[in-house]
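Overview (structure and organization)
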Amino acid sequence: MSLDHDHNIDPHPHRHRRDGEPLRVGIGGPVGSGKTALVAALCRTLGPAMSLAVVTNDIYTTEDADFLRRNAVLPTDRIEAVQTGCCPHTAIREDITSNLDAIETLLERFDDQIDLVLVESGGDNLTASFSHGLVDVQIFVVDVAGGDKVPRKGGPGVTFSDLLVINKTDLAPLVGADLQVMGDDADRVRSGAPVIMMSLVEDPSAKLVADWVHEQLHRWQS
Amino acid sequence: MQTLLSPLLLLADSRLPTGAHAHSGGVEQAIAHGLVRDTAGLEWFTRRRLATAGLLAAAAAAAANRAAGDQALLSALDTALDVRTPSPALRAASRNAGRGLLRLARRTVADLPDLGRRPHHSLVLGVLSSELGIGPDAAAALAVQSTATGITAAAQRLLALDPFDVADLLLALAGAIDATAAAGVQLSDLPDLGDPLADLLAETHHARKDRYFVS
């Protein structure tokens, strides 16, 4: 799988950034694909090295934020939960106000000393994707148990996300998913843009994704 | 002032990015208590809100619109709105919605008067509408219309109501909406009609962890 594909022509308009602003990474994907667990892993792996904050967009509860707090991956005051009024895709796409407010609150609380903000979307369908007014780069997480046809079906998240994560690869034999097919389909649909196949069971540190995020930080800070 | 129609229609558009879609105008909690179960209940609830919160929002929006950037007057209006909103949760909701609208206002208007960081929503609406060439009557209409549609849209989602029934309801409420806006514009002082039920619903709602909406 290609990890370092360099887009020479940047297809996305980027948001207006001020100096010293944190990198904003959106994490989207269907319900149950492992977004929250991935966010937790990234917090554990990246947290020690940088000032990190998280915005969660649960559809209904503050459960994702509570999960992160209970598992002590980040201090409570670095996690903001946002209600999306039954419209999780609206809140990350056509009306990003609530999420912008949450990020602003975090920046005020930490005196602008934040390096990285992870914005986790509420579990949604394959047509949801982040507005570039809200995030700088986006990770889309699908899982093997969701079916090996998912990459082939495409959709904005699968096709245009900056990184596609195919998660829970350890479950492939149990659900009859063909990892080779998923990987090949993903490569084709994404024209070779980054894809990572992973399992948090096999690597709880999510090293490959953490490394990718590190790369983005370097790219965006220069 | 002859109101410009396009900016008015834009401010009335529910797709305007202001965060309003995340507010239910209190109906989420009313539904939780079984007070609203269908379109009939929704009509009852909306009329009640129009007569109290709607009237206050209309009067405040019109006053802010007429204030022509007078800082002292706007500050006094902000305080007056606090005084007439005894529920801390409802004050917070209004300021949360105001913050969202202010974000848009700052992006689109060059020399916006200083409204602080979290002004009441109707204040921002009045000021922004004025800057966009919209007069006080239309500003009041916007305030009341959005009070009604915020409630009905949230109820439609939560109860899976037939959207055509909801559209019918809004048309049936048009007279009450227009009358409330007109009444608000006429007032020289902000009205002080409270609604203890709404206050209790708001406080209960705010304390819940399992809610879809901000308010």
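In case you missed it, the structure is sitting above this.
Residues numbered from 1 in each chain as written. Chains lettered and ligands numbered in written order. Predicted model: local features only at pLDDT ≥ 70, side-chain atom pairs only at ≥ 80, totals over all residues. Heavy atoms only, no water.

Quick notes on the pattern of salt bridges
Once the charged atoms of two side chains with opposite charge are near each other, the side chains can pair. In total, this model carries 20 salt bridges over all chains according to the counting rule given. For B:Arg99, the salt bridge goes to A:Glu104, with nearest N and O atoms at 3.0 Å. Of this pair, B:Arg99 sits in helix H5 (residues 88-108) while A:Glu104 sits in helix H4 (residues 97-109), each in a different chain. With a relative accessible area of 9%, B:Arg99 lands in the buried category. (Salt bridge = Lys/Arg side-chain N within 4 Å of Asp/Glu carboxyl O. Helix = DSSP H or I, 4+ residues; strand = E, 2+ residues; numbered from the N terminus. Buried < 20%, exposed > 50% of the residue type's maximum accessible area, 1.4 Å probe, protein only.)

Digging into the interface of chain B and chain A
Contacts between the two partners involve 23 residues from chain B and, on the opposite side, 21 residues from chain A. For the chain B and chain A pair, buried surface summed over both sides reaches about 1800 Å², with 48% attributable to carbon and sulfur atoms. Counting the contacts that link chain B with chain A gives 5 salt bridges. Among the secondary structure elements, those contributing two or more residues to the side of chain B that touches chain A are H5 and helix H7 (136-159) of chain B. Of all the elements, H5(B) adds the most residues to the side of chain B that touches chain A, at 4 residues. (Contact = heavy atoms within 4.5 Å. Buried area = accessible area lost by both parts, 1.4 Å probe.)

Remarks on the nonpolar core
By size, the foremost hydrophobic cluster in this structure holds 35 residues, and its most contacted members are A:Leu116, A:Leu118, A:Ile139 and A:Val209. Mapped by element, the contributors of at least two residues to this core are strand S1 (23-28), helix H1 (35-46), strand S2 (52-56), helix H2 (63-70), strand S4 (116-120), strand S5 (137-143), strand S6 (163-167) and helix H9 (207-221) of chain A. Top contributing element to this core by residue count: H1(A), with 7 residues. Counting residues in hydrophobic clusters, the runner-up holds 33 residues, among them B:Ala63, B:Leu77, B:Leu102 and B:Leu104. (Core = buried A, V, L, I, M, F, W, Y, C linked by side-chain atoms within 4.5 Å.)

Looking at the side chain of A:Asp101
Structurally, A:Asp101 is set in helix H4. By relative accessible area, which is 6% here, A:Asp101 ends up buried. Filtering out sequence-adjacent residues up to four positions away, A:Asp101 remains in contact with B:Asn96, B:Arg99, B:Gly100 and B:Arg103.

A closer look at the sheet that holds strand S3 (residues 79-81) of chain A
Sheet strands pair by backbone hydrogen bonding; their relative direction is either parallel or antiparallel. Residues and elements named next belong to chain A. Spatially, 7 strands are ordered S3-S2-S4-S1-S5-S6-S7 in an open sheet, and the strand pairing comes out parallel. The open sheet is flanked by S3 and strand S7 (195-197), the only strands paired with a single partner. Across the sheet, the axes of successive neighbouring strands diverge by a mean angle of 20°, strand direction being ignored. Note that S5 and S6 share 5 bridges and pair parallel. (Pairing = 2+ DSSP bridges. Axes fitted to C-alpha atoms, helices over the stretch in contact; angles between N-to-C directions.)

Focus on the pairing of S5(A)
Residues and elements named next belong to chain A. Of all the 7 residues making up S5, 7 are buried; the element is thus mostly covered by neighbouring parts of the structure. Burial of S5 is two-sided: the residues Val-137, Ile-139, Val-141 and Asp-143 facing one way and the residues Gln-138, Phe-140 and Val-142 facing the other way are all buried. Across 4 bridges, the pairing between S1 and S5 is parallel. Across the sheet, Gly-26 pairs through a bridge with Gln-138, a residue of S5.

Looking at unusual backbone geometry
One non-glycine residue with positive phi stands out, namely A:Ser191, at about 50°. Counting through the fold element by element, A:Ser191 comes out in the loop between helix H8 (179-189) and S7.

Describing the packing of aromatic side chains
Residues and elements named next belong to chain B. Inspection of the entire model under this criterion finds 1 aromatic pair over all chains. Summarising the aromatic geometry, the rings of Trp-44 and Phe-45 are spaced 6.3 Å apart at their centres and angled 55° between planes, so their arrangement reads as tilted. Taking relative accessible area as the criterion, Trp-44 reaches 38% and is therefore assigned partly exposed. Judged by its relative accessible area of 2%, Phe-45 falls in the buried class. (Phe/Tyr/Trp six-rings, centres within 6.5 Å; stacked < 30°, edge-to-face > 60°.)

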